[in-house]
Every structure is written in C-alpha cells, then in structure tokens.
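Residues per chain are reported as follows:
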Amino acid sequence: MIGFKYENNGLNDKQLVELNEFLVVKIKEIENFFNFNKNINITIKIFETKNDLDNYVVNRLSFKPYDYVVGLIESNINTILCCSYNDYDNTVHKKETFLDYKKMILHECTHILHTYYMSHDDPYFYQYLWEGIACYLTNQYDECNIENIKVEDILNEKVSYRVYFSIIKRIGETYGEEKLKDILKFEKDSLNILKEIINKE
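An account of the accompanying structure is given in this report. Since the model is a prediction, treat every value here as computed from it, not as a measurement.

Some details on the sheet that holds strand β4 (residues 79–83)
If you walk across this open sheet you meet the 4 strands as β1-β2-β4-β3, and the pairing is mixed. The outermost strands of the open sheet, each flanked by one partner alone, are β1 (2–8) and β3 (71–74). Strand-to-strand twist across the sheet, computed as the mean angle between neighbouring axes with direction ignored, equals 20°. The sheet contact formed by β1 and strand β2 (residues 40–47) spans 7 bridges and is parallel. Within β2, the position partnered with Lys5 by the bridge is Thr43. Packed on one face of the sheet, helix α3 (residues 98–117) meets β1, β2, β3 and β4 and runs near 155° to β4.

Details of the packing of aromatic side chains
Any pair of aromatic rings gets described here by the distance separating the centres and the angle formed by the planes. What the rule picks out here adds up to 17 aromatic pairs. Ring centres of Tyr68 and Tyr161 lie 6.5 Å apart, and the angle between their planes is 75°; this geometry places the pair in the edge-to-face category. Highlighted residues: Tyr68 in the loop between α2 (50–61) and β3 and Tyr161 in helix α6 (residues 161–175), separated in sequence by 93 residues. Of the residues examined, Tyr68 reaches a relative accessible area of 42% and is grouped as partly exposed. Using a relative accessible area of 25% as the deciding quantity, one classes Tyr161 as partly exposed. Site record: aromatic cluster; members linked through ring pairs are Tyr66, Tyr68, Tyr161 and Tyr164. Over the ring of Phe33 we find Lys181; its NZ or CZ atom is 5.2 Å from the centre of that ring.

What to know about unusual backbone geometry
Of note in the backbone geometry, Asn35 takes a positive phi value of approximately 50° without being a glycine. By the secondary structure assignment, Asn35 is in the loop between α1 (13–33) and β2. One non-glycine residue, Asn78, adopts positive backbone phi at about 50°. By secondary structure assignment, the location of Asn78 is in the loop between β3 and β4.

Analysis parameters
Residues numbered from 1 in each chain as written. Predicted model: local features only at pLDDT ≥ 70, side-chain atom pairs only at ≥ 80, totals over all residues. Heavy atoms only, no water. Pairing = 2+ DSSP bridges. Helix = DSSP H or I, 4+ residues; strand = E, 2+ residues; numbered from the N terminus. Axes fitted to C-alpha atoms, helices over the stretch in contact; angles between N-to-C directions. Contact = heavy atoms within 4.5 Å. Phe/Tyr/Trp six-rings, centres within 6.5 Å; stacked < 30°, edge-to-face > 60°. Buried < 20%, exposed > 50% of the residue type's maximum accessible area, 1.4 Å probe, protein only. Lys NZ or Arg CZ within 6 Å of the ring centre and 35° of its normal.

As structure tokens, then:
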C-alpha cells in the first residue's frame, strides 16, 4: 500500500485535497501494473516556484533541471520534487490545466514504482522506455505517428514524450502487456522490438 506525505509550499488547501484524492485513486492502477505489494510512503515536496525547485536541485543533486522540468524524483528516498501549479504561468507549461499537473505528479510516482520493478543493475536501460511507460500509465498524451522515426533520434532523446508514449502503446498492442512488462525490467536488450515497431506499416 502506498501513502502520500506532502511538504507543501505552493498549493492552496483545495488544490492539495484534489491532488491527494486523484493520487489515491490513480496510484492503484500503477501498483497493479507493476505487481507492487510493498508498503511505502511517497513524499511530495512542492516548491512555491520553478526557480525555488531549480535552486534546491542544484544545491542537493548538483545539476540544473531543464526549463521544461517541473517535477522529478529522488528515488533513493521515495521523494518527488515539483513546483507549484500556481507558478505554471512562469514556466513553459503555462497553458496546462490542473489535471495536467496532477498527471505530472502521478508520472513521477510511476517512476518511483518502476525503480522497484526494474533490474538493479539495469544493463539495458533506455530513456524511451523509462519515460514512455510513465506517460502511458498516466495517459498524458494522444498517440502520434511513429512510423519511420529514426532509431538514433529516439536513443539520443531527440523526440518528444508524446513519441515515447506512442512507442509504449504500440509495443503493448503488438506484443501484449506481459512482453511490455518484461522489457521494462531492463534485463534484456529490446532494440529489435523498437526497430520493428517504428518501421511497421
């Protein structure tokens, strides 16, 4: 069972209640997908501004997040770091709704559960799988055409998260959920599957 703890410096009371209600319901689908049966608490640290988030990450994790990053995880302590929705007007996400914000935090929750599911040494870690499954399980995007996208562009992270989402959706539809779950452990190379998916007529 998963519980949520909030360190809130940005959302109002109504927003926080709405966020928690959303996460409590939606996290169950993520747990079921990863066959997750541990009892953990996920801490959600909400910063008042994107600038506050960036400064914290620089000081604690020693890197500066990209402009589009409004949420990320500290997986070793089951913690999500994110800026407040009320500062979205000052970010590249200014047109997004509060539902989009809730899905962003659920996306980060998915990453935390995925870290428990995947192989510890993850010899075949791929960013498109890592981000793609988080986008897919939180239903963040609509599917797009992925035929004939270059493999090197995917591997070099030169495509959008919507492409990652669409790749995962296509893998699930083509090979089935069990095969998708298998490659998400990062124990086996799955490049052949990617090549088949993006060149499929």
